[in-house]
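Summary of structural features
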Amino acid sequence: MRIVSLLLALAMVVPAADIYYLLWFDTEDWVEPRSDDAAMRIALDLEKMGVRATFKVVGEKARVLEQRGRADVIRALSRHDIGYHAENHSIPPPPAMYMKHLGMLEGAQEFERREGQGVRDIERIFGVTPSCYGQPGSSWGPQSTIALRNLGVPMYVDEGTQVGFENQPFWFGGILHVFKLERFNMRAELEDESKIALATAKFDAAVTELEKRGGGAIHTYYHPTEFIATEFWDAVNYSHGRYTPPAEARSPNLRTKESSERAHRILLKFMEHVKSKPGVRIVTARQLMQIYASPVAPVDRVAARAQLRRSIDSMGPHSAADLLLAVLGMTPRYVDGPTQRKASQLAGSSIARELFERGKRDAIGYIDRHKRLPSHVWFGSQFLSLADLAATAAHDDGASAQVAVKRGELAFERRVASDPRAAFSWAIHPETFEAPELLELGRLQAWTLKPARLR
Ligand SMILES: [Zn+2]
């Protein structure tokens, strides 16, 4: 009895933090058949350990598995979670290359046209809608979020630098992102067994940090092809924008049997450590979707006004868009960011009350109809930028005959990468490739950015 109450007391002193660990594999090498076996072996080994991973499969890889008659591989992977990793991965043009020339809506349509077939093929071959998507390499574009929603893929799982929120899961473009985890992105190096201790120590430190924060997520990713090859299958065939006809694609250099065995051993040893760690729950992407709370939540209007007067930023679990909707008196809902940036075109420093209220109703009508924030809002023959509308509405007392115009600063834009070359650096993009256009669209869409909260 005494032991029981002591244990209960301990349980109360040390609240169990919810720490979730996601292991995913970019399953993409359709050139070298041995990578099929590597994927199957990983899936079966992990299943034996009681670990469920997430295999993000490339559309072409799924079709090739089918053509090679690898029902055994498809079955083994199906007992884990299945995500999506682009239609063709590295055959030019990859997503950032074609999306950089398109705006938000046209880019979303084009992403859906080019990448949609892989989603349908995965549904047919694996029998499930992919739980998540992740870009090939650094080939990111914010238009993908709109397209993924249309395709029924609710989550973005990857490790990139383009957008993030304090190295933990976040909402962006209406999609739950596990992205830019940085120090919470773990990896045991596959070359050297003696370095497992380094990886497990780093993992333990990440768990300790998240315990202090009250919980969070850690992830690890590999590619099945890494377990059999010493170089990437696509770097061999599609480096820096080069096109190789699929029939002429060359296999990557392979690992020796010994080196391959070592790689598999290291993965399992690392996973034994993760599995044995108290307080850590290994989950799939599909499970994480249930673990994080709905992004739509009531917003306190007074607090929203105060935040937008200070700076246009997210506040707690709310995005800047959530706050703006509250200030405009709209019910909470998800809406996209604006499609372009406009500077205010307004002479004078105030707007007459009647005209201001009319413009506000117009803004509400636009948001209701398009499910998107407007880039600018008309007041007679002049308009305010969205940022200035937010600042002006937040400062407005609702009664004065003239509404003073305020200038808005978009503080949330700091969370989007600013170096258009570094953010898209990848062996498959042309060496001089940069996409400032996509980072700009990312900044516009960051009106929707906010941290994800555990349920
Ligand atoms: Zn990949």
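For clarity, every value in this text was computed on a predicted model and none was experimentally measured.

1. Side note on the overall build of the chain
Of regular secondary structure, the chain possesses 16 helices and 14 strands. In summary, the chain has a C-alpha radius of gyration of 24 Å against a globular reference of 23 Å for 455 residues, a match within 12%. Based on the C-alpha atoms only, the size of the chain along its principal axes is roughly 80 × 70 × 35 Å. A burial count over the chain gives 49% of its 455 residues as buried. Considering only contacts within the chain whose residues lie at least 6 apart along the sequence, 76% involve residues at least 24 apart.

2. Points about the domain arrangement of the chain
According to the domain assignment, the chain contains domain 1 (15-291) and domain 2 (301-333 + 345-406). Distance from the C-alpha centre of domain 1 to the C-alpha centre of domain 2: 40 Å.

3. Concerning the nonpolar core
One finds Tyr21, Leu22, Leu308, Leu323 and Ala390 to be the most contacted residues of the largest nonpolar core, which totals 133 residues. When residues of this core are assigned to domains, at least three map to each of domain 1 (15-291) and domain 2 (301-333 + 345-406). Tyr21 has contacts with Ile218, Val274, Val280, Arg281, Ile282 and Val283, leaving out every residue within four places of it along the chain.

4. Comments concerning the environment of Thr225
Relative to the helices and strands, Thr225 resides in the loop between strand S8 (215-222) and helix H9 (233-238). On the neighbour-count criterion, Thr225 (26 C-beta atoms within 10 Å) is buried. C-alpha separation for the pair Thr225 and Ser78, spaced 147 residues apart in sequence, amounts to 18 Å.

5. A few points about the packing of helix H8 (residues 196-213) against helix H10 (residues 257-276)
Contact geometry of H8 with H10 gives a least axis separation of 10 Å together with a crossing angle of 30 degrees. Here H8 lies roughly parallel to H10, going by the angle between them. By crossing handedness, the relation of H8 to H10 is classed as right-handed. When H8 is examined against H10, the residues Ile196, Ala199, Thr200 and Phe203 are found in contact with a partner set consisting of Ile266, Lys269, Phe270, His273 and Val274.

6. Looking at the sheet that holds strand S5 (residues 170-172)
Strand order across the open sheet formed by four strands is S4-S6-S5-S14, with mixed pairing between neighbours. Looking along the sheet, the strands with just one partner apiece sit at the ends: strand S4 (155-157) and strand S14 (450-451). Where S4 and strand S6 (residues 175-178) come together, three bridges link them in parallel fashion. Each residue of the ladder has a partner; that of Tyr156, found in S6, is His177.

7. Brief notes about helix H14 (residues 353-370)
Spanning 18 residues, H14 covers 26 Å between terminal C-alpha atoms, matching the ideal 26 Å at 1.5 Å per step. Within H14, burial applies to Phe356, Gly359, Lys360, Ala363 and Ile367. Angular distribution of buried residues about the axis of H14 spans 100 degrees; they occupy a single face of the element. In H14, the exposed positions angled more than 90 degrees off the buried face are occupied by Glu354, Arg361, Gly365, Asp368 and Arg369. Summarising the contacts, the buried residues of H14 are in contact with strand S10 (350-352), strand S11 (376-379), helix H15 (386-395) and strand S13 (402-404).

What counts and what doesn't
- Residues numbered from 1 in each chain as written.
- Predicted model: local features only at pLDDT ≥ 70, side-chain atom pairs only at ≥ 80, totals over all residues.
- Helix = DSSP H or I, 4+ residues; strand = E, 2+ residues; numbered from the N terminus.
- Rg over C-alpha atoms; globule rule 2.2 N^0.38 Å.
- Buried ≥ 20, exposed ≤ 12 C-beta atoms within 10 Å, placed from the backbone.
- Contact = placed C-beta atoms within 7 Å.
- Domains from an automatic or database assignment.
- Core = buried A, V, L, I, M, F, W, Y, C linked by C-beta atoms within 7 Å.
- Axes fitted to C-alpha atoms, helices over the stretch in contact; angles between N-to-C directions.
- Parallel < 35°, antiparallel > 145°, perpendicular 65-115°, else oblique.
- Left-handed = near helix turned anticlockwise from the far one by under 90°.
- Pairing = 2+ DSSP bridges.
- Expected span 1.5 Å × (residues − 1).
- Arc of directions from axis to C-beta.

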